[in-house]
Amino acid sequence: MNELLQQVRVLDPLSGTDRVADVLIAEGVIQAIEDKIYHWPHDTSIRDCWGLILGPGLVDLYSHSGEPGFEERETLISLSQAAASGGFTRLAILPDTAPAIDNPATLARLQKLYPPLSPAPILHFWGALTLLSKGEEMTELAELASAGVVGFADGQPLSNLALVRRLLEYLHPWGKPVALWCCDRQLTGNGVMREGSHSIVYGLPGNPAISETSAIAALLEMVEAIGTSIHIMRVSTSRGVELIQQAKQRGLPVTASTTWMHLLLDTEAVISYNSSLNIEPPLGNPSDRVALRRGVKEGILDAIAIDHTPYSYEEKTVAFGEAPPGAIGLELALPLLWENLVETGEWSAIELWRALSTRPAECLKQIPASVAPNQPAEITLFAPQQTWTVEKQTLKSLSTNTPWLGQQLKGRVLQTGRQPSN
């Protein structure tokens, strides 16, 4: 099927393009982008796209699947449908499933359930660094690499620094992405929100910023000594941004990301005690949120991750401090980030799209998609003014653990790749 998108706003972070044009797509390839296209094949579907945004497909660095083990939270099919509905054409899944993706057999089973040639989005799988059921033992990293993992990440903090050192030394020559979450669980204690004036007022145990920053500092020391390139996940503090900026200025091979919710909300929101605001790492103090926004805008933090973490209604319908940490986000991130950062003028459209598409792909050491002639049509079509209500019936995800449940949002994805998402 051929398609002509007329007068659509084209965003392409790779070339810096932000223009209104006609876009002709045929056989899954972008054939032409011109101010006005006057000739097209006879079987072309013509779509008036005035007011719509066309950009490269979004890429999520890390999210969680319920399948295998917790299919009531999310299956691979519902996860992929939620990703497509949110504009994502590539999705990297963390290995903390049950059984965990810490051996080639589990990986092969998942690849069979969701073959890589399936329609967009394409699911990639992180291989575990350690045997997650045991914690202190390295996986068969070489076998996992040969089996096709996108990279290595536990999605959980590693407390044994000697083990981290061995992992970095072993992985140094391979060139696969290595993603680490910096968090000192001993310093975290029983904290359920970021320590500060709000945690005192709300009467909730505080998790100090140093639980993150001390772990980042220790990891960066090892990277400087060993030279293995790493990705630092889930940066949530202003001091964390400073440490990463200093590391990059010293030339260390480091990339980093924060999550979309840490850019939108801070500890002030916890006054509602909504259990979907209990996430890990916890929402930062207001100064952290400001620093994180600056960090992404300036490229200190390379990418925005979704960290989609589904839980059932029963699991989340408990007191704030007793709820398992995490929230869904694949279908919500683009509309809310666009409304709060682009429409306010704080970020340009290109800056947001780059942080959600090309930079995450680069962190995964993949070739980013591009909205340009002769390129595959790995695209997202977004209607920034279309409104919809976040309800169980309107979400593709099986879970509804989000603080925006029941609220009306502005902005909705109409199409990803060549597959309608609604």
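The coordinates are above.
A brief report on the enclosed structure follows.

Reading the values: rules and limits
- Residues numbered from 1 in each chain as written.
- Predicted model: local features only at pLDDT ≥ 70, side-chain atom pairs only at ≥ 80, totals over all residues.
- Heavy atoms only, no water.
- Phe/Tyr/Trp six-rings, centres within 6.5 Å; stacked < 30°, edge-to-face > 60°.
- Helix = DSSP H or I, 4+ residues; strand = E, 2+ residues; numbered from the N terminus.
- Buried < 20%, exposed > 50% of the residue type's maximum accessible area, 1.4 Å probe, protein only.
- Lys NZ or Arg CZ within 6 Å of the ring centre and 35° of its normal.
- Pairing = 2+ DSSP bridges.
- Axes fitted to C-alpha atoms, helices over the stretch in contact; angles between N-to-C directions.
- Contact = heavy atoms within 4.5 Å.
- 1 Å grid on protein atoms, 1.4 Å probe; cavity = no way out; pocket = protein on both sides within 12 Å on 5 of 7 lines; lining within 4 Å.
- Points joined across faces, edges and corners; volume = space filled by probe spheres on them.
- Nonpolar A, V, L, I, M, F, W, Y, C, P; charged D, E, K, R; others polar.
- Expected span 1.5 Å × (residues − 1).
- Parallel < 35°, antiparallel > 145°, perpendicular 65-115°, else oblique.
- Left-handed = near helix turned anticlockwise from the far one by under 90°.
- Arc of directions from axis to C-beta.
- Polar contact = N/O pair within 3.5 Å; in protein donor to acceptor, adjacent residues only side chain to side chain.

A short note on the packing of aromatic side chains
And step 1. Tallied over the entire structure, the rule returns seven aromatic pairs.
And step 2. Relative to Trp174, the ring of Phe152 lies with its centre 6.2 Å away and its plane at 55 degrees, an arrangement referred to as tilted. Placement of the pair is Phe152 in strand β9 (residues 151-153) and Trp174 in the loop between α4 (161-171) and β10 (178-181), with a sequence separation of 22 residues.
And step 3. The class for Trp174 is partly exposed, based on a relative accessible area of 30%.
And step 4. Cation over ring: Arg234 sits above Trp181, and NZ or CZ is 4.9 Å from the ring centre.
And step 5. Here the basic side chain of Arg412 rests over the ring of Trp388, its NZ or CZ set 4.2 Å away from the ring centre.

Observations concerning the pairing of strand β2 (residues 17-26)
For a regular strand, the rule is simple: side chains alternate between the two faces of the sheet.
And step 1. Bridge count for strand β1 (residues 2-12) against β2 is eight bridges, and the pairing is antiparallel. In the sheet register, Val10 faces β2, and the bridge partner there is Arg19.
And step 2. Between β1 and β2, which pair antiparallel one after the other, the connecting turn spans four residues, and Gly16 there sits at a positive phi close to 75 degrees.
And step 3. Across five bridges, the pairing between β2 and strand β3 (residues 29-34) is antiparallel. Paired with Ala26 across the strands is Val29, a residue of β3.
And step 4. In this structure, the hairpin formed by β2 and β3 is closed by a connection of two residues, where Glu27 is found at a positive phi of approximately 55 degrees.

Some points on the sheet that holds strand β14 (residues 254-259)
And step 1. One open sheet accounts for eight strands, arranged β6-β7-β8-β9-β10-β13-β14-β15; its pairing is parallel. Of all strands in the sheet, those bounded by a partner on one side alone are β6 (58-63) and β15 (303-305). Put simply, the sheet's adjacent strands are angled 30 degrees from each other on average, direction ignored.
And step 2. Pairing of strand β8 (residues 122-127) with β9 involves two bridges; the strand directions are parallel. Bridge pairing in β9 places Trp126 opposite Gly151.
And step 3. Across the sheet, helix α13 (residues 349-356) touches β6 and β15, and the angle it forms with β15 is around 60 degrees.

What to know about empty space enclosed by the protein
And step 1. In this structure the tally under the stated criterion is one cavity of 30 Å³ or more.
And step 2. By volume, the largest cavity amounts to about 30 Å³.
And step 3. In terms of lining residues, the largest cavity is bounded by Ser85, Glu331, Pro335, Trp388, Arg412 and Val413.
And step 4. For the lining of the largest cavity, a count of residues per class yields three nonpolar, one polar and two charged.

Side note on helix α10 (residues 286-297)
And step 1. Helix length check: α10 (twelve residues) gives 17 Å between terminal C-alpha atoms against 16 Å at 1.5 Å per residue, within 8%.
And step 2. Within α10, burial applies to Asp288, Arg289, Ala291, Leu292, Arg293, Gly295 and Val296.
And step 3. Once α10 finishes, Gly299 follows within two positions and takes phi at roughly 85 degrees, a positive value.

Side note on the packing of helix α7 (residues 210-226) against helix α8 (residues 238-249)
And step 1. The contact between α7 and α8 brings their axes to 9 Å, and the two run at 15 degrees. Between α7 and α8, the interaxial angle falls into the category roughly parallel. Once α7 is placed against α8, the crossing between them reads as right-handed. Along its contact with α7, which presents Glu212, Thr213, Ile216, Ala217 and Leu220, the element α8 presents Arg239, Gly240, Leu243 and Ala247.
And step 2. Looking at the contact of α7 with α8 residue by residue, the class counts come to five nonpolar, two polar and two charged.

Concerning α4
And step 1. Of the residues making up α4, those classed as buried are Leu163, Val164, Leu167, Leu168 and Leu171. Summarising the axial view, the buried residues of α4 lie within an arc of 135 degrees, below the 170-degree limit, and thus occupy one face.
And step 2. Where α4 is buried, its residues contact α3 (141-147), β9, β10, α7 and β13 (230-233).
And step 3. Where α4 begins, one side-chain oxygen reaches toward the backbone nitrogen of Ala162, 3.0 Å away; that side chain belongs to Asn160.

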